[in-house]
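# Observations on the model geometry
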Amino acid sequence: MPVAVIQMVSQSDVLANLARARVLLEQAAAGGARLAVLPENFAAMGRRDVADMGRAEAFGQGPILPWLKQVARDLKLWIVAGTLPLPPVDEPEARVHACSLLVDDQGQIVARYDKLHLFDVDVADNRGRYRESDDYAYGRNVVVADTPVGRVGLTVCYDLRFPELYSELRAAGAELITAPSAFTAVTGAAHWDVLIRARAIETQCYMLAAAQGGTHPGPRETFGHAAIVDPWGRVLAQQDQGEAVLLAELDSSEQASIRARMPVASHRRFFSQGARQRPAQDDEFKA
């Protein structure tokens, strides 16, 4: 079944971003996609009021969740809604998470993933310093869910640097993994392609890597290069910069064949802290 990965150049105006996202989702549905992935921060980039945005959504006073559910219903499309700020379901006054939602074609929220790894780093670009933990709380759970195109594992952007998460998703039965992202131009040029291909190869999953690709308020420049990668690490579709809708068909029989020929899941060995090999001592080499 076809899937779609979307690249955007989101700005600070939420309603304008949602209007652009609708156009792109319509293109995905017209192309036959059953599931489409929006990028990280699809509804807003460069805003400092994410806590207020999240609380408004939690109390039913924001535009993003109603829009998302309506578009899914209108287009009969499953959507991975990149990220949006949301507090915990049972704690609407708590700190927001960078939240990726899976919404079905009836407009129901099927799964929620709160970003586990927050981007607290220094980058040699115009902005220089990124501290997501200033705005967001850390997620706690690994999330997989069944969809018409297969069992989906949910991740976000900086998660790509932590392969143990992807091993957990594979162990939980993931067949495709989403990675809505907003990589900086500097880190993306250095690592984006190798990371998304490595995560596909080691999990033998399809990687659906949506992206932001352009210039945003802040100022901030994102790398783009949204891509769909197959379980052998082949890039099936990619877009350098600017808006785009990428489509590819998933081949479950080919995926099963790859996993059967190279059964890495059954070969994997885990080591506890105490079982890690200690450095050899000089006297061990003496006769």
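If you check an unreviewed UniProt entry, the protein chain appears there as Carbon-nitrogen hydrolase from Pseudomonas frederiksbergensis. In its Sequence similarities (unreviewed entry) section, UniProt records this for the protein chain: "Belongs to the carbon-nitrogen hydrolase superfamily. NIT1/NIT2 family."

## Let's talk about the overall build of the protein chain
Across its full length, the protein chain carries seven helices and 17 strands. For 287 residues, the compact-globule estimate of 2.2 N^0.38 gives 19 Å, and the C-alpha radius of gyration of the protein chain, at 20 Å, lies within 12% of that figure. C-alpha extents for the protein chain along the principal axes are approximately 75 × 45 × 40 Å. By residue count, 51% of the 287 residues in the protein chain fall in the buried class. In the protein chain, the share of contacts with a sequence separation of at least 24, taken over all contacts with a separation of at least 6, comes to 68%. Surface exposure of the protein chain reaches about 13,100 Å², of which carbon and sulfur atoms provide 50%.

## Examining the packing of aromatic side chains
The final tally for this structure, using the stated rule, is five aromatic pairs. Relative to Tyr130, the ring of Phe119 lies with its centre 5.4 Å away and its plane at 55°, an arrangement referred to as tilted. Here the residue Phe119 occupies a position in the loop between β5 (109–114) and β6 (120–122), and Tyr130 occupies one in strand β7 (residues 129–131), the gap between them amounting to eleven residues. Look at Phe119 and you get buried, because its relative accessible area is 11%. Site record: aromatic cluster; members linked through ring pairs are Phe119, Tyr130, Tyr158 and Phe162. The ring of Tyr166 is capped by Arg199, whose NZ or CZ atom sits 6.0 Å from the centre of that ring.

Rules used throughout
- Residues numbered from 1 in each chain as written.
- Predicted model: local features only at pLDDT ≥ 70, side-chain atom pairs only at ≥ 80, totals over all residues.
- Heavy atoms only, no water.
- UniProt positions renumbered as here; feature names shortened; annotations may be inferred.
- Helix = DSSP H or I, 4+ residues; strand = E, 2+ residues; numbered from the N terminus.
- Rg over C-alpha atoms; globule rule 2.2 N^0.38 Å.
- Buried < 20%, exposed > 50% of the residue type's maximum accessible area, 1.4 Å probe, protein only.
- Contact = heavy atoms within 4.5 Å.
- Areas by Shrake-Rupley, 256 points an atom, 1.4 Å probe, with all protein chains shown as cover.
- Phe/Tyr/Trp six-rings, centres within 6.5 Å; stacked < 30°, edge-to-face > 60°.
- Lys NZ or Arg CZ within 6 Å of the ring centre and 35° of its normal.

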